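Secondary and tertiary structure notes
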Amino acid sequence: MHRPLEQALAIFRRTSVQIAIIFALATLMRGTQPLLFDAYHYWLGAQHIVGTSPEALENYWELRGVWTSIVYAPAAALTRLMGAPWATFAVLLQNTLVLSWFAAHLLPTLASRLAPWSPRARWIAAGLLWVVTSGFASSSLVDIYAAIGCFAIVALIRSQRPSTLVLAGVLGGIVVNLRPAYVVVVALIVLITLISHKMAAIGMPLGFALALAPQVILNIGQFGHRSASPLLSDYLATLQAGLGSYTIRYDTVHGSDVPQQFYCSPDMAARVADDVPTSTAGLARTLLSNLPDSLVFSLEKIAAALHWPANTPYGADSPGLDAIHAILITTMTVVGISVLARTFRRRSDWTDGRQVEALGFLAILIGAVVAIVGSATEARFALPLAVLGALGCALLSDNPLRTLTSSQRRWIGVTCATLAITLTLGYIGLSNPADPGGVDAEICGLLG
């Protein structure tokens with residue numbers, strides 16, 4: 001008679017279930033917020049898909065990948081069932097469930113393949129991940145889905161099963177459609193899979209093609225073009241390349257009459273003023289031709305991307321909280337990635353599967369850095385780096401440094417120096433804010 005109750009208690013005692021419940025409750029308690037700016041556009045697209053909005057905004061389908069709307073179709077369907085006042089809660093609920101699964105299952109699964117993973121480490125990882133991701137839960141932005149998709153692909157490519165690798169390819173196609181800047185991440189993971197799995201990896205390109213089929217169908221049906229990307233992708237690439245050549249970071253500020261806030265590099269603005277790049281390749285040439293100054297500029301962009309405002313993914317006018325949050329996220333990311341690098345160096349007892357996953361994390365790291373340097377960066381673009389940092393810090397809790405060897409002292413010294421440099425470069429990079437609103441090279445150049 002008491003068997004169902006005993007079974008329920010046994011399930012609840014599982015660490016993963018407890019983490020999922022507490023993570024979800026803590027996230028839901030943050031509450032809802034209005035869906036504004038890009039989030040509003042994605043939400044209208046999702047409503048259009050489920051039939052509650054007659055039309056998305058003008059030029060939406062030419063600019064945005066179709067998956068940016070599909071991912072929020074469940075929340076839009078719930079809103080259609082319950083009524084429009086439930087929209088913000090539906091978004092919060094969907095994102096909370098996804099993030100809870102990520103914290104309780106996917107991230108611990110990946111971490112346990114790299115090193116022993118205790119319940120304490122799982123709780124620490126979940127807590128740090130909550131700090132990193134919970135601010136995204138109330139918004140219908142697509143950053144969490146693109147980032148989680150990258151980690152899910154890494155989890156799947158350990159398998160040799162063709163069907164699993166097809167699924168990994170599907171996720172890769174979705175990630176690129178959601179966030180085209182992550183194409184480097186996906187390309188590197190596909191390369192790793194081809195090298196490690198050889199012919200079995202042919203399923204990944206197949207899955208990639210399947211994921212982009214809705215985009216092709218949309219483009220043919222609406223515009224008569226056979227394209228696997230939105231029709232105005234080149235326009236966005238031009239915009240990103242131009243702004244990315246002389247701006248350090250861009251914030252969308254809640255509660256401001258003019259929500260655009262750019263932070264500039266006057267030096268780079270002066271260098272590119274007469275020849276602003278208009279493509280990703282042009283941006284690469286600009287950066288290479290302006291070394292070593294462009295290297296410092298790029299490092300400032302990476303560091304500034306980790307100086308998260310307290311209201312990330314949006315900016316807000318709360319200097320004290322912003323400073324504390326920036327130090328917290330930067331410290332966690334730098335220390336955590338340093339721990340992962342130290343873990344990856346111990347390869348003598350690794351199986352092939354663990355090597356594949358380590359290379360997958362490296363692909364996420366490299367791809368995220370390329371995405372930051374190669375665009376008009378927002379703080380939320382550093383989300384994959386912050387997740388890697390949370391994972392690394394949790395691994396450190398299971399391997400505390402008690403008796404320090406000379407190599408461990410060197411590692412601590414290098415990590416502390418890297419952290420100090422990163423914090424300094426971030427503050428320097430954000431020291432030239434433009435007036436709210438749009439900018440160009442001339443405006444940014446005058447700030448020096």
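A look at the overall build of the protein chain
- Of regular secondary structure, the protein chain possesses 21 helices and 2 strands.
- For the protein chain, the C-alpha radius of gyration of 22 Å lies close to 22 Å, the compact-globule estimate for 448 residues.
- Principal-axis analysis of the C-alpha atoms places the extent of the protein chain at approximately 75 × 65 × 50 Å.
- Residue burial in the protein chain is summarised as follows: out of 448 residues, 51% are buried.
- Positive and negative charge centroids in the protein chain, built from 27 and 24 side chains respectively, lie 20 Å apart.

Examining the pairing of strand β1 (residues 247–252)
- Among the 6 residues in β1, 6 count as buried, and that is most of the element.
- In this sheet, strand β2 (residues 260–264) lies alongside β1 in antiparallel orientation, the contact comprising 5 bridges. Following the sheet pairing, R249 is matched in β2 by Y263.

Re the packing of helix α9 (residues 143–156) against helix α10 (residues 162–178)
- Axis separation between α9 and α10 bottoms out at 9 Å; the angle between their running directions is 160°. Taken together, the axes of α9 and α10 lie roughly antiparallel to each other. Between α9 and α10 lies a crossing whose hand is left-handed. Here Y145, A146, G149, C150, A152, I153 and L156 of α9 come into contact with α10, specifically with T164, L165, L167, A168, L171, G172, V175 and L178.
- A class-by-class count of the residues in the contact of α9 with α10 yields 12 nonpolar, 3 polar and no charged.

Side note on the nonpolar core
- In terms of nonpolar packing, the biggest core is built from 123 residues, with W43, F151, Y246, W308 and F361 touching the most fellow members.
- With 13 residues, the top contributor of residues to this core is helix α7 (residues 87–114).
- Filtering out sequence-adjacent residues up to four positions away, Y246 remains in contact with C264, S265, M268, A269, V272, V276, F297, V439, D440, A441 and C444.

Brief notes about helix α3 (residues 37–50)
- Between its terminal C-alpha atoms α3 stretches 21 Å, which fits the 20 Å expected from 14 residues at 1.5 Å a residue.
- Buried within α3 are the following residues: A39, Y42, W43, L44, G45, A46, Q47 and V50.
- Looking at the packing, one finds that the buried side of α3 touches α4 (60–63), α5 (67–70), α6 (73–82) and α7.
- Immediately beyond the C-terminal end of α3, within one or two residues, lies G51, with a positive phi of roughly 90°.

Focus on the environment of H48
- When you line up the elements, H48 lands in helix α3.
- It is 40 Å that separates the C-alpha atoms of H48 and R285, two residues lying 237 residues apart in sequence.

A look at the state of the cysteines
- Following the criterion strictly, the structure yields 1 disulfide and no others.
- A sulfur-sulfur distance of 2.1 Å marks the disulfide that ties C264 to C444. Highlighted residues: C264 in strand β2 and C444 in helix α21 (residues 441–445), separated in sequence by 180 residues. C444 carries the same exposure label as C264, and that label is buried.

Here we look at the packing of α10 against helix α12 (residues 203–223)
- Contact geometry of α10 with α12 gives a least axis separation of 6 Å together with a crossing angle of 45°. Taken as axis vectors, α10 and α12 run oblique relative to one another. The two elements α10 and α12 cross, and the hand of that crossing is right-handed. In this structure, α10 contributes L165, V166, A168, G169, V170, G172, G173, I174, V176 and N177 to the contact, and α12 contributes G203, M204, L206, G207, F208, L210, A211, L212 and Q215.
- Classifying every residue of the contact of α10 with α12 by side-chain character gives 12 nonpolar, 7 polar and no charged.

Some remarks on the pattern of salt bridges
- Under the counting rule described, the total for this entry stands at 9 salt bridges.
- For the salt bridge of D267 with R271, the shortest nitrogen-to-oxygen distance reads 3.2 Å. Of the two residues, D267 and R271 both sit in helix α14 (residues 266–272), 4 residues apart, roughly one turn of that helix.
- For D267, a relative accessible area of 38% gives the class partly exposed.
- Close ionic contact of R380 with E378 constitutes a salt bridge, the shortest N to O distance being 3.1 Å. The residues R380 and E378 share a single accessibility class, namely buried.
- Members of the salt-bridge network, linked through shared partners, are D38, R64, D143, R179, E378 and R380.

Focus: a nonpolar patch on the surface
- Together, I21, I22, L25 and W123 line one region of the surface with nonpolar side chains, adding up to about 360 Å² of accessible area.
- Of all the elements, helix α2 (residues 15–28) adds the most residues to the nonpolar patch, at 3 residues.
- Turning to its location among the elements, L25 is positioned in helix α2.

Remarks on the packing of aromatic side chains
- Within this structure, the stated rule accounts for 8 aromatic pairs.
- Between the aromatic rings of F151 and F361, the centroid separation amounts to 6.1 Å while the plane-to-plane angle is 50°, which identifies the pairing as tilted. Linking F151 in helix α9 with F361 in helix α18 (residues 352–373), this pair joins segments that are 210 residues apart in sequence. Residues F151 and F361 agree in their burial class; the two are buried.
- Through a chain of ring-to-ring contacts, three or more aromatic side chains come together here, namely F102, F151 and F361.
- A cation over an aromatic ring shows up here: R30 above the ring of W130, its NZ or CZ 5.8 Å from the ring centre.

A word on the side chain of N95
- Its place among the elements puts N95 in helix α7.
- Here A137 takes part through its backbone oxygen, which lies 2.9 Å from a polar atom of the side chain of N95.
- Residues within four places of N95 in sequence aside, it is in contact with Y72, F136, A137, S139, I144 and Y145.

Reading the values: rules and limits
- Residues numbered from 1 in each chain as written.
- Predicted model: local features only at pLDDT ≥ 70, side-chain atom pairs only at ≥ 80, totals over all residues.
- Heavy atoms only, no water.
- Helix = DSSP H or I, 4+ residues; strand = E, 2+ residues; numbered from the N terminus.
- Rg over C-alpha atoms; globule rule 2.2 N^0.38 Å.
- Buried < 20%, exposed > 50% of the residue type's maximum accessible area, 1.4 Å probe, protein only.
- Lys, Arg positive; Asp, Glu negative; His and termini not counted.
- Charge placed at Lys NZ, Arg CZ, Asp CG, Glu CD.
- Pairing = 2+ DSSP bridges.
- Axes fitted to C-alpha atoms, helices over the stretch in contact; angles between N-to-C directions.
- Parallel < 35°, antiparallel > 145°, perpendicular 65-115°, else oblique.
- Left-handed = near helix turned anticlockwise from the far one by under 90°.
- Contact = heavy atoms within 4.5 Å.
- Nonpolar A, V, L, I, M, F, W, Y, C, P; charged D, E, K, R; others polar.
- Core = buried A, V, L, I, M, F, W, Y, C linked by side-chain atoms within 4.5 Å.
- Expected span 1.5 Å × (residues − 1).
- Disulfide = S-S within 2.5 Å.
- Salt bridge = Lys/Arg side-chain N within 4 Å of Asp/Glu carboxyl O.
- Patch = residues over 30% accessible without salt bridge, like charges linked within 9 Å, V, L, I, M, F, W, Y side chains within 5 Å.
- Areas by Shrake-Rupley, 256 points an atom, 1.4 Å probe, with all protein chains shown as cover.
- Phe/Tyr/Trp six-rings, centres within 6.5 Å; stacked < 30°, edge-to-face > 60°.
- Lys NZ or Arg CZ within 6 Å of the ring centre and 35° of its normal.
- Polar contact = N/O pair within 3.5 Å; in protein donor to acceptor, adjacent residues only side chain to side chain.

All quantities given are derived from atomic positions and should not be read as evidence of function.
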